[in-house]
Structures are given as C-alpha cells and as structure tokens.
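# Close look at the chain arrangement
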Amino acid sequence: PVAVYFPMNDSSKYYRITSTLNVTKPCLIHGDGEYGTAIVGDWTNNAQYILSFDLTAGTTYFYTIRDITIYSKNAGAVRGLLLKNTPYVTLENVYFVNCYNGIVVTGTNNFSHDYRRVVTYNSTVSGVRFTSFTGGGQFLYDACTFAGDTGWVMESDSTLDSATFVNCNFEQCTTNSFVMNGTCRGLSFIGCRTEGLNGVNDFIIDPPVAGVVSGLSVIGCAFNSDTAAGVPIKIGGTGGIIRGFNISGNTVANAGLATNFVTLNGEGHAGVVTGNYFEQVNTTPLNTRRAAVVCFANYNSAGVCAENWGNSDWQVTQSSYTGTG
C-alpha cells in the first residue's frame with residue numbers, strides 16, 4: 001500500500017482542504033497523533049466528505065488510517081469519512097470532530113474492519129452510520145467513543161454479520177446512543193458505558209419487517225442517562241424479529257429511573273435477562289412476561305426483583321436436604 005504521511009511541523013497549525021481527498025487504492029494515511037495532526041475541511045456542503053474511499057466492489061483491499069484528526073471547520077457542515085467497498089480497514093487513534101456524519105459505511109464488499117480508539121465527537125447526525133450496506137461483517141470497535149445526535153446507527157436497508165463493541169463509550173448523545181434498524185446476526189456489547197443520554201432510549205434494537213437481529217449480547221455494561229424516563233434497552237417495534245439475546249451482569253444508574261431496564265416492544269424471544277443491578281428503587285428488569293424469555297437474579301435498591309420463567313413465576317426456591325442413607 002501507498003503511505004501518505006501528514007507530519008506535525010507546528011502544533012498550532014493544520015492541513016486545510018477545500019474539497020474532498022479521494023482515495024483510489026490501498027494506502028496507509030497517518031499523522032503524528034490525533035492531537036498533533038489535523039486535516040480540516042473548510043466548506044459548507046454536508047454531502048461531501050473530507051476523506052472518501054468510493055471504490056468498486058472486489059477491486060482493492062487493505063486500508064489504514066491512524067494518529068490523525070478529521071475536523072470540520074464549520075460545525076456540522078462537512079462529512080468525515082466515506083468507506084464504500086473497502087475490505088480490511090484499520091482505524092487507530094483517529095478523531096472525527098464537528099462532522100455532519102463522522103464515518104459512513106456503505107457498499108456490497110466491506111468486511112474485517114478494526115476500529116481502535118476512534119472518537120466521533122460533536123457529530124450533527126451520527127458518529128457512525130451504515131447505509132445501503134450489504135457488504136459482509138466482522139466489525140470490531142475497541143475503546144471507541146461515539147457522540148452526536150445518535151452515536152452509532154444502521155439503517156433499515158442494511159445487513160451486517162458480526163459487530164462487537166468492547167469497552168466503548170456512548171457519550172452525551174442527544175436522541176439515542178445506538179440504533180440497529182437493519183438486519184444483524186451477531187451483535188455484542190462487552191464492558192461498554194453510556195453517559196448523559198438526553199433522549200428516551202439508549203440502545204434500540206429494531207429490525208425492519210422481514211429483518212432479523214439474532215445473537216444479541218449485552219454484558220457487563222453501565223447505563224447512565226440524563227433522562228429519568230430513559231429506557232436503556234428497547235427491543236422491537238417495527239415488525240422484524242429478535243431471537244437469542246443475553247442481557248446479563250449490567251448496571252443502571254439513571255437518576256430517578258422509574259421504569260424498566262429492557263422493553264420488549266412487540267418482539268424479543270429466546271432470551272435471558274439476568275444478574276443485572278439497578279440503583280433506583282423503582283427500576284424493574286422487564287416490561288412484560290413472555291414465553292421463552294427468562295428473567296431472574298436481578299436486583300434493585302429495594303431488593304430482589306420479580307422473577308419469571310416465560311409467562312410463569314419462577315418456581316425454584318432454596319431449601320435444605322438431609323440424606324436418610
């Protein structure tokens with residue numbers, strides 16, 4: 001791959017551009033750190049990108065961007081990065097600041113993407129957005145931060161296999177922290193956190209009619225919201241199906257939250273909600289009982305929450321047994 005280096009000659013200066021930088025072949029784009037090198041888009045057309053990988057499916061592979069900031073000089077007036085038909089992408093120590101959309105992923109040939117310490121800050125619409133995407137899967141987000149109106153969103157016209165979020169932060173999102181409106185098989189959140197959500201739902205898992213989300217895991221995450229009525233996880237509502245979910249070992253600290261942790265909004269089957277802790281006395285694990293959904297060993301500040309196996313009360317209790325020989 002071709003290497004393109006943007007050195008930091010003076011920490012007070014940046015690389016100003018007035019039109020899109022188009023990438024047409026495999027490359028490494030790097031600077032001297034996200035606080036040292038910045039490429040600044042200086043125009044007001046929010047349909048254009050600072051960096052654009054607008055490629056033909058199946059023609060080129062392997063792209064890396066690292067140690068650099070992508071910045072819109074006019075807040076919300078420029079898109080950050082377009083990734084179209086770009087298999088094997090690595091982003092490391094990359095900041096997207098003041099962009100209309102931080103990263104847009106699209107096309108029919110996108111897979112094996114690895115994002116580490118990527119930050120989308122003050123995004124007008126979304127930090128990361130999948131649109132018209134049918135390109136594959138294997139997307140890893142490690143120690144990333146998503147901020148904006150919506151932190152991360154997949155549109156209903158998209159299909160993805162395997163997205164994993166490890167130790168990621170969804171910060172001060174206005175409407176939603178995470179929205180899955182497409183089809184996704186394999187969606188995991190491990191040790192993530194949300195902070196300061198101003199909307200009514202942190203995570204929305206809501207595939208379209210004929211769409212599927214399966215293999216959903218939310219494990220060891222911390223949910224914090226500025227909105228007392230904010231439901232941390234909302235499942236279903238549009239008409240798609242959700243099958244196979246494990247929501248376990250999480251904590252919720254929404255101040256004054258007097259509602260449920262998980263809303264089954266018309267969908268959600270073959271799932272477990274267990275071992276979660278809610279700091280507010282009125283927070284409950286689920287809004288409803290449902291066949292093939294097990295809810296047990298959850299706790300709020302008043303004590304053990306109601307437990308059920310499908311539509312029935314949990315029938316197992318602790319006792320003792322003395323053998324008789």
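These lines cover the structure that appears in this document, whether it is placed above or below. (Residues numbered from 1 in each chain as written. Predicted model: local features only at pLDDT ≥ 70, side-chain atom pairs only at ≥ 80, totals over all residues. Heavy atoms only, no water.)

## Comments concerning the overall build of the protein
Along the backbone of the protein there are 0 helices and 33 strands. For a compact globule of 325 residues, the expected C-alpha radius of gyration is about 20 Å, and the protein comes in at 22 Å, within 12% of that figure. Each of the three principal axes of the protein carries a C-alpha extent, and together these read 80 × 45 × 40 Å. Here the protein holds 325 residues, and the buried ones make up 52% of them. Taking all contacts inside the protein whose residues are at least 6 apart in sequence as the whole, residues at least 24 apart take part in 72%. (Helix = DSSP H or I, 4+ residues; strand = E, 2+ residues; numbered from the N terminus. Rg over C-alpha atoms; globule rule 2.2 N^0.38 Å. Buried < 20%, exposed > 50% of the residue type's maximum accessible area, 1.4 Å probe, protein only. Contact = heavy atoms within 4.5 Å.)

## What about the packing of aromatic side chains?
This model, assessed by the stated rule, comprises 30 aromatic pairs. Measuring from centroid to centroid gives 6.3 Å for Tyr115 and Phe139, while their planes differ by 20 degrees, and the two rings are stacked. Placement of the pair is Tyr115 in strand β11 (residues 113-133) and Phe139 in strand β12 (residues 136-142), with a sequence separation of 24 residues. Each member of the pair, Tyr115 together with Phe139, is buried. Aromatic pair Phe170 and Phe203: ring centres 5.4 Å apart, planes at 70 degrees, arrangement edge-to-face. On the criterion of sequence distance, the pair formed by Phe170 in strand β15 (residues 169-171) and Phe203 in strand β19 (residues 201-205) is long-range, its members being 33 residues apart. (Phe/Tyr/Trp six-rings, centres within 6.5 Å; stacked < 30°, edge-to-face > 60°.)

## Quick word on the environment of Thr37
Residue position: Thr37 is located in the loop between β4 (27-30) and β5 (38-41). Judged by relative accessible area, Thr37 falls into the buried class, the value being 2%. Residues Thr37 and Phe146 lie 109 residues apart in sequence; the distance between their C-alpha atoms is 21 Å. When near neighbours in sequence (up to four residues on either side) are disregarded, Thr37 contacts Phe6, Pro7, Met8, Tyr15, Gly31, Asp32, Asp67, Ile68 and Thr69.

## A closer look at the pattern of salt bridges
By the definition in use, this model includes 11 salt bridges. A salt bridge links Arg66 to Asp67, with the nearest nitrogen and oxygen atoms 3.9 Å apart. Judged by its relative accessible area of 31%, Arg66 falls in the partly exposed class. Between Arg243 and Glu267 there is a salt bridge whose closest N-O contact spans 2.8 Å. (Salt bridge = Lys/Arg side-chain N within 4 Å of Asp/Glu carboxyl O.)

## With respect to the environment of Ser188
By the secondary structure assignment, Ser188 is in strand β17 (residues 183-190). Each C-alpha atom of the pair Ser188 and Asn201 lies 18 Å from the other, and the pair is 13 residues apart in sequence. Those residues in contact with Ser188 that lie beyond four places of it in its chain are Ala163, Thr164, Phe165 and Ser217.

## Let's talk about the state of the cysteines
Per the stated rule, a full pass over the model turns up 0 disulfides. In this structure Cys173 is not part of a disulfide, and its nearest cysteine sulfur, from Cys168, lies 12 Å away. No disulfide involves Cys221; its nearest neighbouring cysteine sulfur is the one of Cys192, lying 4.7 Å away. Classification of Cys221 by relative accessible area gives buried; the value is 2%. (Disulfide = S-S within 2.5 Å.)

## Side note on the pairing of strand β14 (residues 159-166)
Note that β12 and β14 share 6 bridges and pair parallel. From the neighbouring strand, Asp142 faces β14, where its bridge partner is Val166. With 7 bridges connecting them, β14 and β17 associate as parallel partners. Bridge assignment links Thr159 to a residue of β17, and that residue is Thr183. (Pairing = 2+ DSSP bridges.)

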